[in-house]
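A closer look at the structure
Okay, here's what each chain looks like letter by letter:
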Amino acid sequence: MNVPRAAGEGRQEGQPDVCVAERRWTELLAWPAGSVPPAVAGAVLWTSGSTALGLRAYMAEHRVAVAAAAVAKKD
């Protein structure tokens, strides 16, 4: 029979805590474990997006530099 007790009441020295035995670890760990795949996916998407934007900016600068060099070469 489960009788509600105050914290520390009815527990004797050297006896294991019954709450630890009754804790449902699968439910406690399901949410954190379930949040890892979306976090990894978000990190991958953010990294690939920022890399693509940086590469696009670099290529735009490179095209401008090549065009300026071609114009300077004609003169």
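Below you will find a few notes about this structure. For clarity, every value in this text was computed on a predicted model and none was experimentally measured. (Residues numbered from 1 in each chain as written. Predicted model: local features only at pLDDT ≥ 70, side-chain atom pairs only at ≥ 80, totals over all residues. Heavy atoms only, no water.)

This part is about the overall build of the chain. When its secondary structure is counted, the chain shows 2 helices and 0 strands. Counting every position in the chain, which comprises 75 residues, the buried fraction comes to 0%. Put simply, the chain shows about 7100 Å² of open surface, and 65% of that area lies on carbon and sulfur atoms. (Helix = DSSP H or I, 4+ residues; strand = E, 2+ residues; numbered from the N terminus. Buried < 20%, exposed > 50% of the residue type's maximum accessible area, 1.4 Å probe, protein only. Areas by Shrake-Rupley, 256 points an atom, 1.4 Å probe, with all protein chains shown as cover.)

For helix H2 (residues 25–74), with 50 residues, the first-to-last C-alpha span of 74 Å sits near the 74 Å given by 1.5 Å per residue. Most pronounced at Trp31, the bend in H2 amounts to some 30°, and the proline Pro32 follows within four residues. (Expected span 1.5 Å × (residues − 1). Bend = angle between axes of the 7 residues up to and from the residue.)

The next subject is a nonpolar patch on the surface. There is a patch of nonpolar side chains on the surface, built from Trp25, Leu28 and Leu29 and spanning about 320 Å² of accessible area. In this structure Leu28 comes out as partly exposed when scored by relative accessible area, which is 44%. (Patch = residues over 30% accessible without salt bridge, like charges linked within 9 Å, V, L, I, M, F, W, Y side chains within 5 Å. Salt bridge = Lys/Arg side-chain N within 4 Å of Asp/Glu carboxyl O.)

Here the focus is the pattern of salt bridges. In the structure shown here, the tally under the stated rule is 1 salt bridge. Between Arg24 and Glu27 there is a salt bridge, and its shortest N-O distance comes to 3.2 Å. Exposure remark for Arg24: the relative accessible area of 56% places this residue in the exposed category.

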